[in-house]
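Here is what each chain is made of, one letter per residue.
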Amino acid sequence: MGFVVTEVQEQVAGWGEKWPAPAKLNLMLRITGRRPDGYHLLQTVFQIIDLCDWITFHPVEDGLVFLHDPIPGVPEQDDLTIRAANLLKQYTGCLLGVCIEVEKNLPMGGGLGGGSSDAATTLVVLNKLWGLKLPLEKLMELGLLLGADVPVFVYGYTAWGEGIGEELKPITIPEQWVVVIKPDCHVNTKQIFLAEQLTRDSKPITMRDFIAGDWRNDCLPVVSNLYKAVGEALDALSQYADARLTGTGACVFAQFNSEESAREAFSALSPNWSVYLARGLNRSPLYEKLEQGSV
Ligand SMILES: C[C@@](CO)(OP(=O)(O)O)[C@H](O)COP(=O)(O)OP(=O)(O)OC[C@H]1O[C@@H](n2ccc(N)nc2=O)[C@H](O)[C@@H]1O
Ligand SMILES: Nc1ncnc2c1ncn2[C@@H]1O[C@H](COP(=O)(O)OP(=O)(O)O)[C@@H](O)[C@H]1O
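Residues numbered from 1 in each chain as written. Chains lettered and ligands numbered in written order. Predicted model: local features only at pLDDT ≥ 70, side-chain atom pairs only at ≥ 80, totals over all residues. Heavy atoms only, no water.

Undergrad: A description of the site of ligand 2 should follow, citing residues and the corresponding values.
TA: Close to ligand 2 lie 17 residues; Leu80, Lys104, Gly111, Gly113 and Gly115 are nearest. Between a nitrogen atom of ligand 2 and a side-chain N or O atom of Asp79, the distance comes to 3.3 Å. Sort the elements by how many residues they give to the shell around ligand 2 and helix 3 (residues 114-129) lands first, with 4 residues. A breakdown of the residues in the shell around ligand 2 according to their chemical character gives 6 nonpolar, 7 polar and 4 charged. (Near = heavy atom within 4 Å. Polar contact = N/O pair within 3.5 Å; in protein donor to acceptor, adjacent residues only side chain to side chain. Helix = DSSP H or I, 4+ residues; strand = E, 2+ residues; numbered from the N terminus. Nonpolar A, V, L, I, M, F, W, Y, C, P; charged D, E, K, R; others polar.)

Undergrad: Quick rundown of the domain arrangement of the protein chain? Include the residues and the values.
TA: Here the domain parsing of the protein chain yields domain 1 (7-171) and domain 2 (177-281). Taking the mean C-alpha position of each, domain 1 and domain 2 sit 23 Å from one another. The partner domain 2 presents 39 residues to the 30 residues of domain 1 that form the contact. Between domain 1 and domain 2, the buried area comes to about 2800 Å², and carbon and sulfur atoms account for 60% of it. Where domain 1 touches domain 2, the interface holds 1 salt bridge. Its salt-bridge partner being Asp214, residue Arg30 comes within 3.4 Å of it at the nearest N-O pair. The tally of links between domain 1 and domain 2 comes to 22 residue pairs in polar contact (both at pLDDT 80 or more). When residues of the side of domain 1 that touches domain 2 are traced back to their parent elements, those giving at least two are strand 1 (18-34) and strand 2 (40-58). For the side of domain 1 that touches domain 2, the per-class residue count stands at 15 nonpolar, 11 polar and 4 charged. (Domains from an automatic or database assignment. Contact = heavy atoms within 4.5 Å. Buried area = accessible area lost by both parts, 1.4 Å probe. Salt bridge = Lys/Arg side-chain N within 4 Å of Asp/Glu carboxyl O.)

Undergrad: I'd like a rundown of the packing of helix 3 against helix 4 (residues 136-146), residues and numbers included.
TA: As a packed pair, helix 3 and helix 4 sit with axes 10 Å apart at the nearest point and diverge in direction by 145 degrees. Between helix 3 and helix 4 lies a crossing whose hand is right-handed. Between helix 3, through Ala119, Leu123, Val124 and Asn127, and helix 4, the contact on the second element is made entirely by Leu139, Leu142, Gly143 and Leu146. (Axes fitted to C-alpha atoms, helices over the stretch in contact; angles between N-to-C directions. Left-handed = near helix turned anticlockwise from the far one by under 90°.)

Undergrad: Now, about the environment of Leu290: what can you tell me, with residues and values included?
TA: In this fold, Leu290 is placed in helix 11 (residues 285-291). Taking the C-alpha atoms as reference, Leu290 lies 24 Å from Leu95; in sequence the two are 195 residues apart. Excluding residues that lie within four positions of it along the chain, Leu290 makes contacts with Trp19, Val124 and Lys128.

Undergrad: Could you give me a rundown of unusual backbone geometry, with the residues and numbers involved?
TA: For the peptide bond that leads from Gly249 to Ala250, omega is 10 degrees, which places it in the cis range. Of note, the phi angle at Lys133 is positive, near 60 degrees, even though the residue is not glycine. Looking at the secondary structure, you find Lys133 in the loop between helix 3 and helix 4.

Undergrad: Could you give an account of the site of ligand 1, with specific residues and numbers?
TA: Every one of the 19 residues lining ligand 1 counts as a neighbour, but Lys24, His40, Ala148, Asp149 and Thr248 are closest to it. One of the side-chain nitrogen or oxygen atoms of Thr189 is found 3.1 Å away from an oxygen atom of ligand 1. Relative to its unbound accessible area of 690 Å², ligand 1 is 84% covered by the protein chains. When contributions to the shell around ligand 1 are tallied by element, the ones reaching two or more residues are strand 1, strand 2 and helix 6 (189-194). Residue classes in the shell around ligand 1 are distributed as 7 nonpolar, 9 polar and 3 charged. If you count residues domain by domain, the shell around ligand 1 takes at least three from each of domain 1 (7-171) and domain 2 (177-281). (Areas by Shrake-Rupley, 256 points an atom, 1.4 Å probe, with all protein chains shown as cover.)

Here is the structure:
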């Protein structure tokens, strides 16, 4: 079909290059209320980390939008990169096409926001490659239609989030080393938000409270009750540092002050768990690349 790429097209800056789609951690997550449409109001700290999916956009000679290799278990039209590209076309009337190649490194349903970040990288990079010139605020608005976690990745800063995660303020915090465990289970976000026992009336806190160590994640009691593997991962990681749940899970993480101590925990946990070693970032690597000016 439409995947006819000439060498000349690939040589245009940005096409055929690998673009990062980083993961995030929720360093705390409080549920402070519920909107009439059922979505929950949150307070959270989104920290971007340097674990990434990598996305390559190949030009095509017609207006088709399709994946190079669909992700097993995710129908192509449901893939968040395809939905993001189609949403851009629909909103702008753009007639161009693209073949999207995703190198998937981030676990799905892990609370690391991989699918959302893939969508954000697609919105931001195709906006450039297709010459659409949409402002950042519009891309964030379109991102929100795809998922509550998408705007922060479009924004590109580690941020304090409120609303359903779309009211964002950039924050600068220590770029600590982190160890992340992915327990052997997929947590369904919707199931957690529907749980009767979920705390939905937490008192809002301030940035100062967070810095002083108020790191609670209101989803934890429900998630660890439903998914035993999450509790086990928390126990394992707690031997090395204070362990927390990101988002609705399933991943748990701990921060370390030195690379050495993080590596030690990583090595000790590796034989028994699916573990990642990463570093917190105040700025998304997507924007580091864009600011290098290739596009
Ligand atoms: C909880 C958070 C925290 O970062 O992360 P994850 O654990 O999923 O990564 C997010 O808010 C998740 O964002 P995202 O994964 O994009 O969720 P969406 O696709 O928008 O929503 C999935 C479902 O969760 C529920 N939902 C989601 C977000 C929210 N603030 N309130 C909700 O009630 C809704 O029922 C929705 O149908
Ligand atoms: N490109 C994509 N990468 C990952 N998941 C995707 C993608 N497109 C659609 N999805 C769907 O989104 C769900 C949530 O994925 P993900 O964002 O990785 O998890 P989480 O929201 O827990 O961080 C997946 O289980 C999958 O069905």
